[in-house]
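Each chain, letter by letter, is given below.
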Amino acid sequence: MKFIVKTLLSLLVTLQSVCAYAHRDQDSIQNPDSLKIARIADFGRLWGVVNYFHPAVGKGVLYPDSLVISNIGKLLDDPGTSGFKNAISALLSDLNDPYSAVIDSKDLATESPYTEPGLTLTSLASKSTYITASQNIFKNGLKLDSVLTPKLISSNHSFVIDLRNATIDNNAGLKQYTQFVQPLIGKLISKTLILPTARSFYYKGLMREDFPHDINILPQDQKGDINGKLQVHYGLKNISEGGYLLSNQDLSLRSKRFCFIVNRYVNVNTLKALLALRHRNLCSIIFQGEMPDYVYGDFYHMQLSDGLTAKIRTSEMIYEDGTLGSAPDIYIPCQSVKDPQKLILKEAGFLLSHPVKHSASNQIENTVYIRKPQFDYPSKEVPDLKLRLLGLFNFWNAIHYFSPNKNLIPLDWNKALTHFIPKFIKAENDSLYFLALMELTTSIQDGHSILINKQGGRSPVGIMDGNLPIGTDLVDGKVFITSILADTMQRNNLSQIKEGDELIAIDQVPISTLAKQWEKLIVASNTAGFNREYYFTWLTNGTSGSAAVVTVRSKGQIKDVTLTRIKRDDYYTLRGKINRSPLKEPFCQVLEPGIGYMRINRLYVHQLDSLSQMLKDCKSIILDARGYPRDSHIGTKLASYIAIKPDTVAYNEFPFVVSPDLAKNHSLIECEIIRPDSNTFLKNKKYYILVDEGIQSQAEWNVIALQGVTRTTTIGTQTAGANGMAITINFPGQYFSFFSGFGEYYPDGTPNQKLGVKIDIPVNRTLRGYLNGDDEILSKAISEALNDLH
């Protein structure tokens, strides 16, 4: 308890701040305002649907952040039912879309019952005939020519066609369309009629949020051709099934006027075809009742707290001229009209006695998807609550829709918003906001999702920005000091500890306890990745200039030594000078007769021809893949030098997102194929690949590519298990993080994510190896190669 009090008072001055944050977390889980939190979470989910799927956002006419910033305050000020309804109603209202709204079943209008008459033909004034052609009359095969006979056509100038139905009957409604409406329209048009189609957006993965979409970054070759492709991209899509009508050469009806009477119960083909015909100014339309939603596009109905439902438009109907089309000439309400039939016929007579009113010239809609980079709201102060919640909503929705590894997240992601909202509400100072972001990004357990502050790096300036001047490593379950940094200001204190001493505690907190407390704050896909981050960066971390009591076991004796944390940049610089495992230079050489060596991460593609010439007489080659490659193409190109035939070495799985309904989304598979290069110097040899926990992302792909083209033996320790294009996510306050944008798999279906690359011979590092600077992984590879040669 003394420790917890101390951490709360110190406000994150040292590492003990992590314990304080953990203590606050226990309170927030039991937050009494659970319904308030659920409403805020629903607001965030609703915003996510709008952000990724509403046409106004995808056309670039609305900046989605404003929907949160302008409206969530209504909910924060009044967290009850009325405040929630007001907030989400205001959000949807800002779309300037009358069809996206909060709906209540009690408010839905009921339509008067309609009885379908049989086929009737009634003469009207001025050589016009009123024809009732409900769907029921077509069940027995009645066709257009049996209704509009040559005699009837020749004796009339115009027709009022009543197609209203009493209910949706798919079979009968389709017959009404194919046997009557479709052939009728075919005789009225002189060229193919394109029906309105729902146009929405698709996402092949998520483009990074700091990416400037207003430029094309694909390289051109010397001819000026663009041969590359973006791995992830957005676009527009439409469904074309049933999307057109062909013209009939029968000219008998071209000079006649038509007015169609319809309601929401006509078949979808009928209504779309008639609206397309109206858009060409070739008919008039009277619509009775409430127009069906599909006329305006697709809609997603979202169940929210307090029994509310939000209806969000996710596509829009695009007509053949690229516009949003035309509306019926006249709407007749279902209610409040004494004699609707009399009114309908009166209006039909008026329409037919006047020229067809030409459709207004509408703006042609976008031909491309527009999405602007996510702003990160720089500020010297902690972002206000609206912005903090915006950042949370943005991250949650990005993972919800686009993470290919969501199944690997231990936390139920559907409940993650309600878990994190209390933390972001309480994050009213720099320290708590930073820790809330750390926990959020760590929660997806993706080694890509490190949190970066644009001003301070791995943490903000003045917060956890220092380290004790010692290096530590985990060996056989114990933590040892394996390097002592040359901090001249602490020479006397540092002289009291020795390399090889076991680190027992920091400020009386056992190392094992600290590791537990850091688990939810350190980004990693697996244990290897966690250990890499924890023991190198975070174990001795705290505020620069703060002191800590280090407890060590030295030659069986326990002793305490007080050390002061140095600036993180100085820590990295001093640690980099301790070259315990020097890189094997030159980076390509012959180690032993018949055994070659290449340090892949230090090589460039343009060097491969000369390097392959150097190693052409080696029977075995050690490919040291440790470290991140300087040339992103080196692994793929080197694999092609080694390959003797085309090989599928891996496949990538991309989320293909088209709907907020996850069940309607898909995955796209792209095979990674290596084709052999004409250079033969590196083919038909035995290869050994060296790996460790520092291998991540592009470096892991390099290993997978090399493993896939030839017989290899992979030696080392588990890699980080984070692969598949790091997608940037921005947070208010100038923070950003990442997540893996696609899944990478071996041809046999084994995932790279979390597991790391496949390893044939694991190597357990020893304390002696650390202290002596022995490269135990390389030594093992040389031993294996020598044995194979002999």
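Being a predicted model, the structure only gives us computed values, none of them experimental. (Residues numbered from 1 in each chain as written. Predicted model: local features only at pLDDT ≥ 70, side-chain atom pairs only at ≥ 80, totals over all residues. Heavy atoms only, no water.)

A.B. asks: An account of unusual backbone geometry is requested, with residue identities and associated values reported.
C.D. replies: With a phi close to 60°, Asp306 is a non-glycine residue in the positive phi region. Note that Asp306 resides in the loop between strand S11 (299–303) and strand S12 (309–313). If you check the backbone angles, Lys754 has positive phi at about 75° while not being a glycine. Examined against the element boundaries, Lys754 turns out to sit in the loop between strand S34 (743–745) and strand S35 (761–762). (Helix = DSSP H or I, 4+ residues; strand = E, 2+ residues; numbered from the N terminus.)

A.B. asks: Talk me through the sheet that holds strand S15 (residues 452–453); I want residue IDs and the actual numbers.
C.D. replies: Judged by pairing direction, the sheet is antiparallel, and its three strands sit side by side in the order S15-S33-S32 without closing on themselves. Taken across any chain shown, the strands that pair with only one partner, and hence form the sheet edges, are S15 and strand S32 (726–731). Across two bridges, S15 lies against strand S33 (residues 735–740) in antiparallel orientation. Paired with Ile452 across the bridge in S33 is Phe736. (Pairing = 2+ DSSP bridges.)

A.B. asks: Let's hear about the pattern of salt bridges: which residues, and what values?
C.D. replies: Applying the stated criterion across every chain, the model contains 29 salt bridges. With its nearest N and O atoms 3.6 Å apart, the salt bridge here joins Glu439 to Lys423. Residue Glu439 is found in helix H14 (residues 430–442), and its partner Lys423 is found in helix H13 (residues 416–426); the two are separated by 16 residues along the sequence. Summarising the burial analysis for this pair, Glu439 and Lys423 share the class buried. Across the pair Lys637 and Asp677 runs a salt bridge whose closest N-O atoms are separated by 3.2 Å. Of this pair, Lys637 sits in helix H20 (residues 634–642) while Asp677 is found in the loop between strand S29 (666–674) and strand S30 (686–691), placing the two residues 40 residues apart along the sequence. On the accessibility criterion, Asp677 (18% relative accessible area) is buried. (Salt bridge = Lys/Arg side-chain N within 4 Å of Asp/Glu carboxyl O. Buried < 20%, exposed > 50% of the residue type's maximum accessible area, 1.4 Å probe, protein only.)

A.B. asks: Which residues make up helix H16 (residues 511–518), and what are the values?
C.D. replies: For H16, every residue scored as buried is listed here: Ile511, Leu514, Ala515, Gln517 and Trp518. The arc that holds every buried residue of H16, seen down its axis, measures 165°, which confines them to one face. Along H16, the residues that are exposed and aim more than 90 degrees away from the buried face are Ser512 and Lys516. (Arc of directions from axis to C-beta.)

A.B. asks: Describe the packing of helix H12 (residues 385–402) against H13, with residues and values.
C.D. replies: Two quantities define a packed helix pair, namely the angle between the helix axes and the distance between the axes. Packing of H12 against H13 brings their axes to within 10 Å, and their N-to-C directions diverge by 155°. One way to sum up the angle between H12 and H13 is to call them roughly antiparallel. Where H12 crosses over H13, the two elements pack in a sense that is right-handed. From H12, Leu385, Arg388, Leu389, Leu392, Phe393 and Trp396 reach across to H13, where they touch Ala416, Leu417, Phe420, Ile421, Phe424 and Ile425. (Axes fitted to C-alpha atoms, helices over the stretch in contact; angles between N-to-C directions. Parallel < 35°, antiparallel > 145°, perpendicular 65-115°, else oblique. Left-handed = near helix turned anticlockwise from the far one by under 90°. Contact = heavy atoms within 4.5 Å.)

A.B. asks: How would you summarise the sheet that holds strand S21 (residues 541–542) if you had to cite specific residues and measurements?
C.D. replies: Spatial ordering of the open sheet is given by S21-S16-S24, a layout of three strands whose pairing is antiparallel. Both outer strands of the open sheet, S21 and strand S24 (566–567), are each paired with one neighbouring strand and no more.

A.B. asks: Describe in detail the state of the cysteines, supporting the description with residues and values.
C.D. replies: The tally for this structure, following the rule as stated, stands at zero disulfides. A disulfide-free cysteine, Cys618 has its sulfur positioned 8.4 Å from the sulfur of Cys588, the nearest such atom. Judged by relative accessible area, Cys618 falls into the buried class, the value being 5%. (Disulfide = S-S within 2.5 Å.)

A.B. asks: Could you give me a rundown of helix H10 (residues 268–279), with the residues and numbers involved?
C.D. replies: When the terminal C-alpha atoms of H10 are compared, their 17 Å separation across twelve residues agrees well with the 16 Å that a helix rising 1.5 Å per residue should span. Those residues of H10 not exposed but buried are Thr270, Leu271, Lys272, Ala273, Leu274, Leu275, Ala276, Leu277, Arg278 and His279. Looking at the buried residues of H10, the elements they touch are helix H9 (170–188), strand S5 (193–194), strand S8 (244–245), strand S9 (257–263), strand S10 (284–288) and strand S13 (316–318). Of the residues trailing H10, Asn281 is marked for its positive phi of about 65°. (Expected span 1.5 Å × (residues − 1).)

A.B. asks: Go over a nonpolar patch on the surface, please, and point to the residues and values.
C.D. replies: On the surface, a cluster of nonpolar side chains totalling about 320 Å² of accessible area is made up of Ile194, Tyr244 and Leu246. Considering the arrangement of structural elements, one finds Ile194 in strand S5. Among the residues examined, Ile194 registers a relative accessible area of 37% and is labelled partly exposed. (Patch = residues over 30% accessible without salt bridge, like charges linked within 9 Å, V, L, I, M, F, W, Y side chains within 5 Å. Areas by Shrake-Rupley, 256 points an atom, 1.4 Å probe, with all protein chains shown as cover.)

A.B. asks: I'd like to hear about the environment of Glu693, residue by residue, with values.
C.D. replies: Looking at where Glu693 falls in the secondary structure, it is placed in the loop between S30 and helix H21 (698–709). For the pair Glu693 and Glu784, spaced 91 residues apart in sequence, the C-alpha separation works out to 21 Å. Apart from the residues within four sequence positions on either side, Glu693 is in contact with Ala528, Arg532, Thr717, Gln718, Thr719, Ala720 and Arg765. A distance of 3.1 Å separates the side chain of Glu693 from the side chain of Arg765, its partner in a polar contact. (Polar contact = N/O pair within 3.5 Å; in protein donor to acceptor, adjacent residues only side chain to side chain.)

A.B. asks: Explain the confidence of the model for the protein chain to me, using residue names and the numbers behind them.
C.D. replies: Confidence along the protein chain averages 90 in pLDDT terms, with 94% of residues attaining 70 or more. Note that residues 1–16 has pLDDT below 50 and, in this model, 35 contacts with residues that lie over four places away or in other chains. Taken together, the stretch residues 23–32 has pLDDT below 50 and engages in 15 contacts with residues farther than four places along the chain or on a different chain. (pLDDT = per-residue confidence, 0-100.)

A.B. asks: Hey, could you go over the packing of aromatic side chains for me, with residue numbers and the actual values?
C.D. replies: The description of an aromatic ring pair uses the distance of the two centres, along with the angle that the planes make with each other. Throughout the structure, instances matching the rule amount to 34 aromatic pairs. Here Phe159 and Phe258 contribute two aromatic rings whose centre-to-centre distance is 5.3 Å and whose plane-to-plane angle is 25°, an arrangement assigned as stacked. You can see Phe159 sitting in strand S4 (residues 158–162) and its partner Phe258 sitting in strand S9, a full 99 residues away along the chain. Judged by relative accessible area, which is 0%, Phe159 ranks as buried. Since its relative accessible area comes to 1%, Phe258 is described here as buried. Here a set of aromatic residues connected by ring pairs shows up, and it is made of Tyr52, Phe53, Phe201, Tyr203, Tyr234, Tyr369, Tyr401 and Phe402. (Phe/Tyr/Trp six-rings, centres within 6.5 Å; stacked < 30°, edge-to-face > 60°.)

A.B. asks: Kindly report on the pairing of strand S3 (residues 128–132), identifying the contributing residues and their values.
C.D. replies: Most of S3 sits out of view: five of its five residues are buried. Where burial is concerned, the two faces of S3 agree: the one with Ser128, Tyr130 and Thr132 and the one with Thr129 and Ile131 are both buried. Relative to S3, strand S2 (residues 120–124) runs antiparallel, the two being bridged by five bridges. Note that in S3 the partner of Leu124 across the bridge is Ser128. Between the antiparallel neighbours S2 and S3 lie three residues, among them Ser126 with a positive phi of about 60°. Of the strand pairs in this sheet, S3 and S4 are connected by five bridges, and their pairing is parallel. Across the sheet, residue Thr129 finds its bridge partner in S4, namely Phe159.

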